[in-house]
Structure formats: C-alpha cells, structure tokens
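The residues making up each chain are set out below.
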Amino acid sequence: MATLQCEIVSAEESLFSGAITLLSVRGTIGELGITPGHAPLLTGINPGAVALHLEDGSEEIFYASGGYLEVQPGFVTLLADTALRAEDLDEAQAEEARQQAEKAMEERNAETEFSSAAAMMAEALAQQRTLEELRRRSR
Amino acid sequence: MAVGKEIKNKIGSVQNTQKITSAMQMVAASKMRRTQDRMQQGKPYSDRIRSVISHLANANPEYKHTFMEARDVKRVGFIVVSSDRGLCGGLNVNLFRSVVKQMAELDAKGIEVDLGLIGNKAGPFFRSIGANIVAVMPDVGESPAIADLIGGIRVMLDAYSEGTIDQLYLAGNDFENTMTQAPTVRQLLPLDPADDDAYKHRWDYIYEPDARQLIEGLLLRYLESQVYQAVIENGACEQAAKMIAMKNATENAEKLIDELQLIYNNARQAAITQEIAEIVSGAAAV
C-alpha cells in the first residue's frame, strides 16, 4: 500500500515521524484528509485532533492547538504550535480550561479580551472533542 | 618564623580563586546539560520549518511576499546573538570578530550595516566601535521566551519591509560539541531557495485559505523560530565555553599554586640553613 512520510513537530519536541496511509486534520476552512499522492498544499490548522492511520492499520491521535500543514507528494509536515499525544490530554484540565474560558467570556469588558477568551474557549472545546473521539474509538 | 609570609598569603588567595573557578565550572556543566536539552528539543521544529520555507521559496506562488524577493543591496541588517555574561572564553569575541570582518567587507563595497543585538555583551562592544545599532534585546536570561525577542525581531523585519535594509543576516554561535563552538553568519532574508533539483520544475502549493495570509503567518513564525533557536543554541554554547574556560582557570591556578609552593619551600629552607650556619659559626667563635 502506498504510504506517506509524516512528521509532526511542535516547538518543544518532535511528536511523530513515520509512514502513514492517512492523516486527517481540521484545516482553517474545513476537515482535511491527506492520502499518499495528495497535491502540494499549504494550510493553517485549527485547534483539534490530528488522526493518523499507520501502515499496520492502527491509529494514532494527537492534539494540536493550531499551526501549519505542508503537503508534498511524498511527505507531509505538521508544524504545530503546541501539540500533545492525545493520551496525554488530561480530561480534568481540559474541563478546567473550558470553564476558565467561559468565565473570561462572561467577564469580558474589552473587545480584545473577548477575542482572546474566544480563542481559549475554542481550544478547550477542541481538547474535549479530541478526548471524546479517543474514548469512542477505544470502546 | 616570618619567612615567606607574602608568599603564603599569595598561595591562600590563589586557592580561594581556584575554589570559585571550580565551583563555576560545575555550575556551568550542570547548566550546559539543561541548555543542550532545550536546544535538542527545539531543533526538529526549526529544521522542519526551514525546509518548508525553502520549498516555498522554490514554489511559484501567485503572491510574492517582499521577504522572498531579492533586491539590490545598499544596506544590510545583522542580528547578533551574544551571551548575557562574560567569563566564557573567546565565545563572544570570536563571533564579534567574524561579524566585524563581514562589516568591513561590506563597507569596502559601500554597503552600510544596521545591527540588532541580543544579549548583554554585544551592546558595549558594538557601541565602542561606533556601529549603527537599531535594536537591543538585553537580558535574555537562561530560559528565553520568544516574547522577549519579538520586539527586536520586529524592528529588523519592519526595516526590511520598508526597504531600509535589503538583506538580513543572523549571527550566532553554532554548537558543534562541548569543545568547539563555531561562529556562523546565516542569511535570513531574502529567503534562500534550497538547491534541490526535485523542486526546480514549475509548481505551486494549493493555499488554504489564502496565499497572502498564510505565507505572511508562516514567514513570521519561521523567522521567529530561527532567531529563537539561535538564542537557545548560543545559550548552550555559552555554558559549554564557560565550563571549558573555568576548567582551564582551575588548572592554571593549580599550576600557580605549585610554583608558589616551590618558591616558599626554597625560601624557608634557605632561612633554616642560614640560621644553622649562624649558630654554628657563633659556637665556633666561643
């Protein structure tokens, strides 16, 4: 089966490097599925889960809070702002982040604060979605 | 016996200095491990983004950012990464020397130079030679944050966008191993396309959502990450150089103490011999 070399790096560490058959990610204008032979593409990504289908049919899930995705015919590079292995995501932390974001949005008094709170909220929700996804698959 | 009191004092003070240098050596060794780890962690990201950017420079986007277009060089900018503190051997001096050499070469061609300086050590040096300094980012500390550097980077990038400078270089020390740190000057702007035949044909990315926005964001992140990585790497170099410098200082102190001890022993022995000679000659006279 044709494969694609995939690298996921964040500013702190290299998270994944290896052959995959499919990468699915939430791009700035919608869900993307990258398979081998995809045309060269450069896009921003939204906070959310990054799912990789490995050669042996297993699946790995990461969480990225934003960044850029480069696709070349033979390989794909994900430059994440902050990325985590989904297993490392902490449910309690994600919930706390969401509540904090909610509170920040309620107490907003300036437009700039609102936008930063909204970004916080989007991130927290994306984390929770990733966790749900992970739970659903492991069932 | 008052013989060699000054020498004894001298030995004591050298020993105290030695204690300090050996303590600093150990501190530098433990910090070096930490800074090296940080450097290794950041490396994959900065390498990857560099390769993405070099692909981008080879592509033929519908939108050409000013950062991607080479133009006639009348004035260039340097971002010089130095350490915050001294006592690290020739680390800073070697780097400054290679920057000054390049500045002299450019000057001979009638090209002027603007400097953006990172770290405490660069400021006094370049001020003393009367260079044109446009941005200073002192006190980067041991765990620098990108946020501390953004302001200074911005100044240089704006100068480039406005056409004040036509090229931008990044000068810092490359960490080769604990013993060697090599001063290097790398071109940041305009982007240098990678020499890779696989990308020579005419092609372009699909951009989502929009080439301009995407390229701008990506370029800014690229430049920040390159400068940040250079600062981190220079930090690792600083600790390594400091460790070596302090190791040498400790060894030199040891040598100095040995020499002084020899002089002291000689003087003491001479005094004893003289005293005995005096007693003997006194007894013979009786």
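Residues numbered from 1 in each chain as written. Chains lettered and ligands numbered in written order. Predicted model: local features only at pLDDT ≥ 70, side-chain atom pairs only at ≥ 80, totals over all residues. Heavy atoms only, no water.

**Notes on the interface of chain B and chain A**
With 21 residues of chain B in contact, the opposing surface of chain A contributes 26 residues. Counting the surface lost from both chain B and chain A, the interface buries some 2000 Å², and carbon and sulfur atoms represent 67% of this. Among the residues of chain B in contact with chain A, B:Y45, B:R48 and B:E208 are the three that bury the most area, contributing 30% of the side total. Along the contact surface separating chain B from chain A lie two salt bridges. Of the charged contacts in the structure, one is a salt bridge between B:R48 and A:E7, with a shortest N-O distance of 3.3 Å. Run the count over chain B and chain A and you get seven residue pairs in polar contact (both at pLDDT 80 or more). Listing elements by their share of the side of chain B that touches chain A, those giving two or more residues are α1 (5-58), β6 (206-208) and α5 (211-285) of chain B. (Contact = heavy atoms within 4.5 Å. Buried area = accessible area lost by both parts, 1.4 Å probe. Salt bridge = Lys/Arg side-chain N within 4 Å of Asp/Glu carboxyl O. Polar contact = N/O pair within 3.5 Å; in protein donor to acceptor, adjacent residues only side chain to side chain. Helix = DSSP H or I, 4+ residues; strand = E, 2+ residues; numbered from the N terminus.)

**Let's talk about the packing of helix α4 (residues 146-161) of chain B against α5(B)**
Residues and elements named next belong to chain B. α5 packs onto α4 with a crossing angle of 120° between their chain directions and a minimal axis gap of 10 Å. Regarding the angle of α4 to α5, the classification is oblique. Where α4 crosses over α5, the two elements pack in a sense that is right-handed. Each of I146, L149, I150, I153, R154 and L157 in α4 lies in contact with α5, whose residues at this interface are L220, L223, E224, V227, Y228 and V231. Across the contact of α4 with α5, the residue classes tally to ten nonpolar, no polar and two charged. (Axes fitted to C-alpha atoms, helices over the stretch in contact; angles between N-to-C directions. Parallel < 35°, antiparallel > 145°, perpendicular 65-115°, else oblique. Left-handed = near helix turned anticlockwise from the far one by under 90°. Nonpolar A, V, L, I, M, F, W, Y, C, P; charged D, E, K, R; others polar.)

**Quick word on unusual backbone geometry**
A negative phi angle is the norm for most residues apart from glycine, just as the trans form is the norm for most peptide bonds. Residue and element names in this part refer to chain B. Residue P190 follows L189 across a cis peptide bond; omega there is -10°. Checked against the element boundaries, P190 lands in the loop between β5 (181-189) and β6. Unusually for a residue other than glycine, L87 sits at a positive phi of about 55°. Along the polypeptide, L87 turns up in the loop between β1 (75-81) and α2 (91-108). Look at L87 and you get exposed, because its relative accessible area is 54%. (Buried < 20%, exposed > 50% of the residue type's maximum accessible area, 1.4 Å probe, protein only.)

**Some words on the pattern of salt bridges**
Pairing is possible between side chains that carry opposite charge, provided their charged atoms lie close to one another. According to the stated counting rule, one finds twelve salt bridges over all chains in the structure shown. Put simply, A:E31 and A:R26 hold a salt bridge, and the shortest N to O gap is 3.4 Å. What makes A:R26 partly exposed here is its relative accessible area of 29%. Salt-bridge contacts for B:R75 lead to B:D114; the nearest nitrogen and oxygen are separated by 2.9 Å. Of this pair, B:R75 sits in strand β1 while B:D114 is found in strand β2 (residues 112-118), placing the two residues 39 residues apart along the sequence. Pair check on accessibility: B:R75 and B:D114 agree, each one buried. Several salt bridges converge on common partners, so that one network encompasses B:R75, B:E112 and B:D114.

**A short note on the confidence of the model for chain B**
Mean pLDDT over chain B: 88, with 95% of residues reaching 70 or higher. Predicted complex metrics record ipTM = 0.72 and pTM = 0.81. (pLDDT = per-residue confidence, 0-100.)

**Overview of the packing of α1(B) against α5(B)**
All names here are of chain B. One way to put it is that α1 packs onto α5 with a least axis distance of 5 Å and a crossing angle of 160°. By the angle class used here, α1 and α5 are roughly antiparallel. Between α1 and α5 the crossing geometry is left-handed. For the contact of α1 with α5, a count of residues per class yields 29 nonpolar, 16 polar and eleven charged.

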